[in-house]
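# Structure assessment
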Amino acid sequence: MKITYFCIMSVQTQEETYSLEEILAAAKSSNRLILWNDETNTFDHVIECLMKHLQYTEKQAEQIAWKVHTEGKCAILEGSFTEMEVYRKIFKSEGLTVSVE
């Protein structure tokens, strides 16, 4: 007599929706992570995040922070949409204002 066992597994998925702009950005070969100026974050926090997550030197991070402060935004990383989206979520969790272009 042959006995067959079946194992039923449930998989939870999270549905994500994307705007047309995000889909078109994903189709590009290269995307940029943009850090925006805001009234919430201090220079020190921005510098610490850039050093922690992107391994910028303190001098590089300071230059980026000043550029964001004076120009309103700065591209801080370039790569695939998937990679930029990962970093966008990381920086967003730190309270920074970022977007992918």
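Definitions and limits used
- Residues numbered from 1 in each chain as written.
- Predicted model: local features only at pLDDT ≥ 70, side-chain atom pairs only at ≥ 80, totals over all residues.
- Heavy atoms only, no water.
- Helix = DSSP H or I, 4+ residues; strand = E, 2+ residues; numbered from the N terminus.
- Buried < 20%, exposed > 50% of the residue type's maximum accessible area, 1.4 Å probe, protein only.
- Contact = heavy atoms within 4.5 Å.
- Areas by Shrake-Rupley, 256 points an atom, 1.4 Å probe, with all protein chains shown as cover.
- Phe/Tyr/Trp six-rings, centres within 6.5 Å; stacked < 30°, edge-to-face > 60°.

### Side note on the overall build of the chain
Regarding its fold elements, the chain presents four helices and three strands. The helix and strand sequence of the chain, counted from the amino end, reads α-β-α-α-β-α-β. Among the 101 residues that make up the chain, the fraction classed as buried is 28%. Here the contacts in the chain between residues at least 6 apart in sequence split such that 69% fall between residues at least 24 apart. As displayed, the chain offers around 7,700 Å² of accessible surface, 53% of which is attributable to carbon and sulfur atoms.

### Here we look at the packing of aromatic side chains
If you walk through the whole model with that rule in mind, you get one aromatic pair. Taking 4.8 Å as the distance between ring centres and 45° as the angle between the ring planes, the aromatic pair formed by Phe43 and Trp66 counts as tilted. Of the two residues, Phe43 is situated in helix H2 (residues 43–54) and Trp66 in helix H3 (residues 58–71); the sequence distance between them amounts to 23 residues. Residue class for Phe43 comes out partly exposed when judged on its relative accessible area of 31%. Since its relative accessible area comes to 49%, Trp66 is described here as partly exposed.

### As for unusual backbone geometry
Positive phi is not limited to glycine here, since Gln55 has a value of about 55°. In this structure, Gln55 sits in the loop between H2 and H3. Assessed through its relative accessible area of 59%, Gln55 is described here as exposed.

Shape descriptors only; they carry no functional weight alone.
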